[in-house]
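Structural description and commentary
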Amino acid sequence: MLIIGAGLGGLCLAQGLSKAGIRATVFERDPAPNYRGQGHRVHLDDRGERALRACLPDDLYNLHLATRGQPSERFMLISAEEERLREIPFPDLGDGSQMIRTGRGVSRQTLREIMLGGVDVHYDRHLTHYTEESGSVTAHFANGATATGDLLVGADGIGSAVRQQKLPDARVLDTGVRWLGGKTPVTEEIRSSLPESLETAFAAVTGMDPAMMVGYLLFDQSPAGLGLTEPGDYVMWAITVPKDRLPDAIPDLHQKAVSLTATAHPAMRAIVTQAWPDQCFQLSLGTAEPVAGWDPTRVTLLGDAIHAMPPARASGANTALEDAATLTTTIQTESPLAAYEADLRERGFAAVRASTAALEQVAKTIIQT
Ligand SMILES: Cc1cc2nc3c(=O)[nH]c(=O)nc-3n(C[C@H](O)[C@H](O)[C@H](O)COP(=O)(O)OP(=O)(O)OC[C@H]3O[C@@H](n4cnc5c(N)ncnc54)[C@H](O)[C@@H]3O)c2cc1C
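Residues numbered from 1 in each chain as written. Predicted model: local features only at pLDDT ≥ 70, side-chain atom pairs only at ≥ 80, totals over all residues. Heavy atoms only, no water.

The name given to the protein in an unreviewed UniProt entry is 2-polyprenyl-6-methoxyphenol hydroxylase-like FAD-dependent oxidoreductase, and the organism recorded there is Nonomuraea endophytica.

Right, dumping it as structure tokens:
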């Protein structure tokens, strides 16, 4: 089996298949595993955790449990309008649900490093297209290499080349929101400037321009002490702005973040100023339009490649991991691929709708508060 993309979804699938004794090879466009930073914390809830439990072998699953962050129970607002930052509750969503399901902060980098364990990944393999022959499918890469297998899984993220060939009418809309993110080591000064309740939550900061998001990642056990690369506890932060305020290809993202927050609350300024400069990154937030059904072939999809969504409800990675676990079961039990793909669309696009609505609600609440 050929898996295109060594992100969270593709690696979880590779682990699940390996655990089931099924051979799979992963092809990743990056030239090396640590070629670029993986971003900051990701919130995993019962959906993602169940999938990891199902797909990872015991040693890797235990390493994941040891290196998770603290429990994270809710989404809250922090008001930056007074000298001391304080929590204000996030308004009820009106449907009895919470913005995020209870879970834990997890380092994306650490989880990816753990899931690379034992997986056959070929780097510098940028898929350009695939060809389907009777009984097989061949992946073609930018460097001229090819690989042939019985099934090709596009786990190649929001800009998926696999989706663009398989479903040329499927569209990903630009929400117009840009995310400049970073990580700042936790010091006593920073911890004492933030509301204590943030230690079990994730927050949008209101009353400042630009808007910011903040959350802790307080590891149960230090990844560095277990041979992984994350140096230690951090505050993850993000500045969210309309796209005209954050052009693509900014040479020094940390400097840009410092200048965007030059007049912000002193606690927020300190967080941005004291960040690890090489860990800053920039993203556009996109959202996939629902797609109608398709007939199963030797090419299928998972994760952001089919149902990309804004991060407002912390669902994208959880859904991608669920896809990987479901596809593993489908392949292992020789169930019809059509059933996996119907579930992928239904579950995935329900999460897209909820996340898109939540993004609008967060934006409205921040403006009104
Ligand atoms: C700012 C932000 C915060 C988020 N926070 C959360 C959260 O808290 N909780 C949550 O559940 N979700 C969150 N998400 C969503 C989550 O990050 C994604 O849904 C998840 O990473 C999708 O996993 P994936 O494996 O489908 O794709 P990705 O993780 O994007 O992996 C795709 C991989 O494919 C590779 N690739 C791409 N094109 C090619 C090609 N042509 N050939 C070969 N390889 C290729 C890429 O290099 C990459 O390694 C967040 C998203 C954003 C933007």
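Scanning the protein from N- to C-terminus turns up eleven helices and 18 strands. A compact globule built from 369 residues should have a C-alpha radius of gyration of about 21 Å, and the protein, at 20 Å, falls within 12% of that. Overall, the C-alpha framework of the protein stretches about 70 × 45 × 40 Å when taken along its three principal axes. A buried classification covers 56% of the 369 residues belonging to the protein. Considering only residue pairs separated by 6 or more positions, the protein has 76% of its internal contacts joining residues 24 or more positions apart. On the protein, roughly 15500 Å² of surface is accessible, and the fraction owed to carbon and sulfur atoms is 50%. Both charge centroids of the protein, one from 33 positive and one from 45 negative side chains, sit 1 Å from each other. (Helix = DSSP H or I, 4+ residues; strand = E, 2+ residues; numbered from the N terminus. Rg over C-alpha atoms; globule rule 2.2 N^0.38 Å. Buried < 20%, exposed > 50% of the residue type's maximum accessible area, 1.4 Å probe, protein only. Contact = heavy atoms within 4.5 Å. Areas by Shrake-Rupley, 256 points an atom, 1.4 Å probe, with all protein chains shown as cover. Lys, Arg positive; Asp, Glu negative; His and termini not counted. Charge placed at Lys NZ, Arg CZ, Asp CG, Glu CD.)

Next up on the list: the state of the cysteines. For the structure on display, the rule yields zero disulfides. There is no disulfide at Cys 12, and the cysteine sulfur nearest it, in Cys 55, is 3.8 Å away. (Disulfide = S-S within 2.5 Å.)

Moving on: the site of the ligand. Every one of the 33 residues lining the ligand counts as a neighbour, but Gly 9, Glu 28, His 43, Arg 108 and Asp 304 are closest to it. In this structure, an oxygen atom belonging to the ligand sits 2.7 Å away from a side-chain N or O atom of Glu 28. Contact between the ligand and Arg 108: an oxygen atom at 2.7 Å from a side-chain N or O atom of the residue. Relative to its unbound accessible surface of 1000 Å², the ligand loses 89% to contact with the protein. (Near = heavy atom within 4 Å. Polar contact = N/O pair within 3.5 Å; in protein donor to acceptor, adjacent residues only side chain to side chain.)

A separate point is the packing of helix 2 (residues 46-55) against helix 3 (residues 58-66). Put simply, helix 2 and helix 3 touch, their axes get as near as 8 Å, and they point 150° apart. Taken together, the axes of helix 2 and helix 3 lie roughly antiparallel to each other. On helix 3, the residues that touch Glu 49, Leu 52 and Arg 53 of helix 2 are Asp 58, Tyr 61 and His 64. Of the residues that constitute the contact of helix 2 with helix 3, the class distribution is two nonpolar, one polar and three charged. (Axes fitted to C-alpha atoms, helices over the stretch in contact; angles between N-to-C directions. Parallel < 35°, antiparallel > 145°, perpendicular 65-115°, else oblique. Nonpolar A, V, L, I, M, F, W, Y, C, P; charged D, E, K, R; others polar.)

Next up on the list: the packing of aromatic side chains. Within the structure shown, the criterion is met by four aromatic pairs. Between Phe 219 and Tyr 234, the ring centres sit 6.3 Å apart and the planes meet at 70°, which makes this aromatic pair edge-to-face. Here Tyr 234 lies in strand 16 (residues 234-242) and Phe 219 lies in the loop between strand 15 (211-217) and strand 16, a separation of 15 residues in the sequence. The exposure class assigned to Tyr 234 is buried, which follows from its relative accessible area of 0%. By way of ring pairs, the aromatic residues Phe 219, Tyr 234 and Trp 276 are connected into one cluster. Lying across the ring of Tyr 216, Arg 191 places its NZ or CZ 5.7 Å from the centre. (Phe/Tyr/Trp six-rings, centres within 6.5 Å; stacked < 30°, edge-to-face > 60°. Lys NZ or Arg CZ within 6 Å of the ring centre and 35° of its normal.)

What follows deals with the pairing of strand 14 (residues 201-206). Of all six residues that make up strand 14, six are buried, and the element is covered over most of its length. Bridging between strand 5 (residues 74-79) and strand 14 involves six bridges; their strand directions are parallel. If you follow Leu 77 over to strand 14, its bridge partner there is Ala 204. Where strand 14 and strand 15 come together, four bridges link them in antiparallel fashion. Pairing of Phe 202 across the sheet is with Gly 215, part of strand 15. In this structure, the hairpin formed by strand 14 and strand 15 is closed by a connection of four residues, where Gly 207 is found at a positive phi of approximately 75°. (Pairing = 2+ DSSP bridges.)

Space inside the second largest pocket adds up to approximately 220 Å³. Lining the second largest pocket are 14 residues; nearest its centre among them are Arg 47, Arg 101, Ser 315, Ala 351 and Ala 354. Looking at the lining of the second largest pocket element by element, the count peaks at four residues for helix 11 (residues 337-368). Residues that form the lining of the second largest pocket fall into these classes: five nonpolar, three polar and six charged. (1 Å grid on protein atoms, 1.4 Å probe; cavity = no way out; pocket = protein on both sides within 12 Å on 5 of 7 lines; lining within 4 Å. Points joined across faces, edges and corners; volume = space filled by probe spheres on them.)

Before going further, it helps to spend a moment on the sheet that holds strand 4 (residues 71-72). Spatially, three strands are ordered 3-7-4 in an open sheet, and the strand pairing comes out antiparallel. Of all strands in the sheet, those with a lone pairing partner are strand 3 (41-45) and strand 4, marking the two edges. Bridging between strand 3 and strand 7 (residues 103-107) involves five bridges; their strand directions are antiparallel. Its bridge partner being in strand 7, Asp 45 is matched across the sheet by Gly 103.

Here we take up the sheet that holds strand 13 (residues 172-185). Across the sheet, seven strands lie side by side as 6-5-14-15-16-13-17; this open sheet has mixed pairing. On the outer flanks of this sheet lie strand 6 (86-88) and strand 17 (281-288), each paired with one strand and no other. The sheet shows a mean angle of 35° between the axes of neighbouring strands, direction not considered. Packed onto the sheet, helix 8 (residues 266-273) meets strand 13, strand 14, strand 15 and strand 16 and runs at close to 65° relative to strand 15.

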